[in-house]
Amino acid sequence: MLSVLVCYDKAGWQKGIQSVLQRQRFVSASYLDLRSREAKMPLYHYDVIFVQAGRDKGTLRRNILDLRRKYATARFVLMLENLGVTDLTFGHRMGMSAFV
């Protein structure tokens, strides 16, 4: 079973990825709304963490660093709405394993 955490800041985006992951038999997915100040990271091991890239790179950087501290062995995937050189550079510096 592949354990996945999906971190997002747009509810519509989360619903789309959730509809895809629910159909996968060997994927167990959890979701974390990064906008919520009360959001607590689940106490669990994750194989892959998807992080939605927003416009605010400072907040995104802090969120990724917090996630990395909590889930050090997970692979990180940066989800982008638009593919740009600055986003790729940012993701590379943050240690992303893949980009979508």
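Since the model is a prediction, treat every value here as computed from it, not as a measurement.

> Looking at this structure, how should I read the pattern of salt bridges?
For the structure shown, the criterion picks out 2 salt bridges. Ionic pairing is found between K57 and D87, a salt bridge with its closest N-O pair at 2.9 Å. Of this pair, K57 sits in helix α2 (residues 57–70) while D87 is found in helix α3 (residues 85–93), placing the two residues 30 residues apart along the sequence. Residue D87 is classed as buried on the basis of its relative accessible area of 13%. Across the salt bridge formed by D66 and R69, the nearest N and O atoms sit 2.4 Å from each other. In this pair, D66 and R69 are both assigned in helix α2, 3 residues apart and thus about one turn of the helix distant. D66 gets classed as partly exposed once you look at its relative accessible area, which sits at 31%.

> Looking at this structure, I do not really get helix α1 (residues 11–21). What am I missing?
Buried residues of α1: Q14, I17 and L21, and no others. For α1, the buried positions fall inside an angular range of 75 degrees around the axis, keeping them on one side. The exposed set on the far side of α1, more than 90 degrees from its buried face, consists of G12 and K15. Tucked inside the fold, the buried residues of α1 contact β1 (2–8), β2 (27–33) and β4 (75–79).

> In this structure, what is going on with the nonpolar core? I would like to understand it.
Side chains of nonpolar character tend, in soluble globular proteins, to be buried together. Membership of the largest hydrophobic core comes to 18 residues, with the highest contact counts inside it found for L5, I49 and L67. Elements with a contribution of two residues or more to this core: β1, β3 (48–52), α2 and β4.

> Mind showing me how you'd approach the sheet that holds β4 here?
One open sheet accounts for 5 strands, arranged β2-β1-β3-β4-β5; its pairing is parallel. Edge strands, defined here as strands with exactly one partner in the open sheet, are β2 and β5 (98–99). For β1 and β3, the ladder comprises 4 bridges, and the chain directions are parallel. Among the inter-strand pairings, V6 is bridged to a residue of β3, identified as F50. The strands touched by α1 are β1, β2, β3 and β4; relative to β1, the strand with the most contacts, the crossing angle is about 165 degrees.

> What is the right way to read the environment of D9 from this model?
Examined against the element boundaries, D9 turns out to sit in the loop between β1 and α1. Classification of D9 as partly exposed rests on a relative accessible area of 26%. Once residues lying within four places of it in the same chain are set aside, the contact partners of D9 are D33, R35, Q52 and G54.

> Looking at this structure, how should I read α2?
Each turn of an α-helix holds 3.6 residues, which means side chains three or four residues apart point in the same direction. Compared with an ideal rise of 1.5 Å per residue, which puts 14 residues at 20 Å, α2 spans 20 Å between its outermost C-alpha atoms and is within 8% of the ideal. Of the positions making up α2, those classed as buried are L60, N63, I64 and L67. Mapping the buried residues of α2 onto a view down its axis gives an arc of 100 degrees, with all of them on the same face. Of the exposed residues in α2, those oriented more than 90 degrees away from the buried face are R62 and R69.

The rules behind the values
- Along each chain, the written sequence defines residue order, and numbers are assigned to residues from 1.
- Only residues with pLDDT of at least 70 are given local features in this predicted model, and only at 80 or more are side-chain atom pairs given and counted; all residues enter the totals for whole chains, interfaces and linings.
- The basis for every side-chain value is the complete set of heavy atoms in the structure, and neither hydrogens nor water enter the calculation.
- For this document, the term salt bridge refers to a Lys or Arg side-chain nitrogen within 4 Å of an Asp or Glu carboxyl oxygen.
- Each helix is a run of DSSP H or I of at least 4 residues and each strand a run of E of at least 2, with the numbering of both proceeding from the N terminus.
- We call a residue buried when its accessible area falls under 20% of the maximum for its residue type, exposed when it is over 50%, and partly exposed in between, using a 1.4 Å probe and counting protein chains only.
- It is the directions from the helix axis to the C-beta atoms whose arc is reported.
- We call two residues in contact when some of their heavy atoms are within 4.5 Å.
- Put simply, buried Ala, Val, Leu, Ile, Met, Phe, Trp, Tyr and Cys residues joined by side-chain atoms within 4.5 Å make one nonpolar core.
- At least two bridges found by DSSP between two strands are what make those strands a pair.
- Whenever a helix is involved, its axis is fitted only over the stretch in contact; in every case the axis is a line through C-alpha atoms, and angles between N-to-C directions fall within 0 to 180 degrees.
- Helix span, expected: 1.5 Å multiplied by one less than the number of residues in the helix.

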